[in-house]
2 protein chains.
Amino acid sequence: VRSGAGAIIVGNEVLSAKVTEENGAHLIKRLRQRGIRLRMVTIVPDEIDAIVDAVERARRVAQWIVTSGGVGPTHDDVTVRAVALALGRPVVRLPRLVEEVTRHFGERTTPEALRLADAPEGAELLEPRGTWYPILACDDVFMLPGVPSLFRTMLETVLERLPSTPLHTRSVYLKLGESELAHGLDAVALAMPDVAIGSYPQFDRSIDYRVKVTIEATRLPRVEEAARRLAAHWPPDAVVRTEQDTLGEEGPGEA
Amino acid sequence: VRSGAGAIIVGNEVLSAKVTEENGAHLIKRLRQRGIRLRMVTIVPDEIDAIVDAVERARRVAQWIVTSGGVGPTHDDVTVRAVALALGRPVVRLPRLVEEVTRHFGERTTPEALRLADAPEGAELLEPRGTWYPILACDDVFMLPGVPSLFRTMLETVLERLPSTPLHTRSVYLKLGESELAHGLDAVALAMPDVAIGSYPQFDRSIDYRVKVTIEATRLPRVEEAARRLAAHWPPDAVVRTEQDTLGEEGPGEA
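Residues numbered from 1 in each chain as written. Chains lettered and ligands numbered in written order. Predicted model: local features only at pLDDT ≥ 70, side-chain atom pairs only at ≥ 80, totals over all residues. Heavy atoms only, no water.

## Some details on the relation of the copies chain A and chain B
In this structure, two copies of a chain are linked by a rotation about an axis accompanied by a shift along it.
Next, step 1: Note on the copies: chain A fits chain B at an RMSD of 0.0 Å, the axial shift is 0.0 Å, and the rotation between them is 180°. Such a turn and shift between the copies fits a two-fold axis. Looking at the rotation axis and the C-alpha trace of chain A, the residue lying nearest is Thr42 of chain A, at 2.1 Å.
Next, step 2: Interface overlap between copies: 100% of the residues of chain A at the interface are likewise at the interface in chain B, consistent with a symmetric, same-surface contact. (Least-squares fit on C-alpha atoms with pLDDT ≥ 70 in both. Contact = heavy atoms within 4.5 Å.)

In structure tokens form, the structure reads like this:
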């Protein structure tokens, strides 16, 4: 079943370390804050085949796909063509985009600039705040530019359209090691598949815990039940501290 | 043709922003310094199917695969099983690893701790510096733990085994916009497929250039030839400055 979001970061400059990847990290943080589950992130080069494959793979698991990069007038800007191919749609030049490109570039409207007016047939144009170029959206694939300032602005417009689900989380910091906790974690994770249980060891002896266990679910009573069951597996003095939080309650959105 | 490296970051904690992803960024930087081309990075949850799919996909394009995370004794540590499945190999318990795990954990050697002794059949064990647990390597897939300090240490052991190719790069900073440069970039990129040409616009008016063009190749004369051909497409006073560098010459390695 497709659910949540997937992200595709397009760019040789990221894979070759010419720029530090920022957009994936920002997207991960913002989706978390909105309570939208992220199913996968993939970074691929500016190559049609690689992007097509990534889009097809993302669409097998995720409902909404955000792409970053490869939107522009040069030879290495192939995201729109690749997304169209993956969706089985032709690329068409949209009259409304031709108008906007021509208005923006004026006398500098080269044939290459007009590539910015191409979109998969049937694409919807979303109006972002603070920039003239619309967001191309087609079959729940949102094609954003890779320039970080533009990506961030446009992402907010996309997020407003996605339903937000509150997520309840609890973190328990423990003095025990993972191999001692594993049996209890396994048992509870198996018995409560609707609760996401994670365990994260750290090996710095100057820090006051050895493993952080995280418990997450969309229903708070399930988080509490899982916490109770887990606690039965370890001595009370093994717990250094507990934290809790609820995510995804900002803004409007469906449950 | 498979070439270069691929990276698979396994971890719900990364996708859910519980921890900031560090290992992918570190790997990208170190591969660049070694002159090893990175073909793709993908971040997937702690789920067997997702990891199997990512490994299979990575192996279609990359020669060497590095995985981060999902190596450990708990229920969410499924990387070894998933890699074995993707490689078509059974998972076996290695006597040498049983010995090392037992020596390390002593009286705390639980049945769960012994999961650390499992590996795809035929796996090779590499000895990293500074940690007791060996690196599992099988069919050019290197399975590293996700804890950043361990990942970094173990990655160096892996990198020593990969051939390094020098890469010559030149960056040209220009006062022109991408739509004006696109025609020349297209022509040279098409005529010189062995040279990687990238163009990266920036929109901050306080910075002294509008587009950075990058030219990269394994042979320096090809970089120089591409730079000459590109320069013929723009007025000389459009160039703000030029930088050059050679990567991948540290340490031993094949050409």
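## Focus: the packing of helix α7 (residues 178-191) of chain A against helix α8 (residues 220-231) of chain A
Residue and element names in this part refer to chain A.
Next, step 1: Two elements in contact, α7 and α8, have axes whose closest approach is 9 Å; the angle formed by their N-to-C orientations is 150°. The angle between the axes of α7 and α8 places the two elements in the roughly antiparallel class. In the packing of α7 onto α8, the handedness of the crossing is right-handed. Along its contact with α7, which presents Gly184, Leu185, Val188 and Ala191, the element α8 presents Ala226, Arg229 and Leu230.
Next, step 2: Looking at the contact of α7 with α8 residue by residue, the class counts come to five nonpolar, one polar and one charged. (Axes fitted to C-alpha atoms, helices over the stretch in contact; angles between N-to-C directions. Helix = DSSP H or I, 4+ residues; strand = E, 2+ residues; numbered from the N terminus. Parallel < 35°, antiparallel > 145°, perpendicular 65-115°, else oblique. Left-handed = near helix turned anticlockwise from the far one by under 90°. Nonpolar A, V, L, I, M, F, W, Y, C, P; charged D, E, K, R; others polar.)

## Let's talk about the pattern of salt bridges
All names here are of chain A.
Next, step 1: As enumerated under the stated definition, the model contains 40 salt bridges over all chains in all.
Next, step 2: In this structure, the salt-bridge partner of Arg103 is Glu99, at a minimum N-O distance of 3.8 Å. Pair noted here: Arg103 and Glu99 are both in helix α5 (residues 95-105), with a separation of four residues, about one helical turn. For the pair Arg103 and Glu99, a shared accessibility class is recorded, and that class is exposed. (Salt bridge = Lys/Arg side-chain N within 4 Å of Asp/Glu carboxyl O. Buried < 20%, exposed > 50% of the residue type's maximum accessible area, 1.4 Å probe, protein only.)

## A short note on the sheet that holds strand β7 (residues 135-138) of chain B
Next, step 1: Taking strand neighbours across the sheet as the criterion, the twelve strands line up as β6(A)-β7(A)-β8(A)-β3(A)-β1(A)-β2(A)-β2(B)-β1(B)-β3(B)-β8(B)-β7(B)-β6(B) in an open arrangement whose pairing is mixed. Two strands bound the open sheet, and with one partner strand each, they are β6 (124-126) of chain A together with β6 (124-126) of chain B. The sheet shows a mean angle of 20° between the axes of neighbouring strands, taken without regard to direction.
Next, step 2: Together, β1 (5-10), β2 (38-44) and β3 (64-68) of chain A form the strand contacts of helix α2 (residues 23-34) of chain A, whose direction differs from that of β1 of chain A by roughly 165°.
Next, step 3: Along the sheet face, helix α3 (residues 48-61) of chain B touches β2 of chain A together with β1 (5-10), β2 (38-44), β3 (64-68) and β8 (141-144) of chain B and points at about 175° away from the line of β2 of chain B. (Pairing = 2+ DSSP bridges.)

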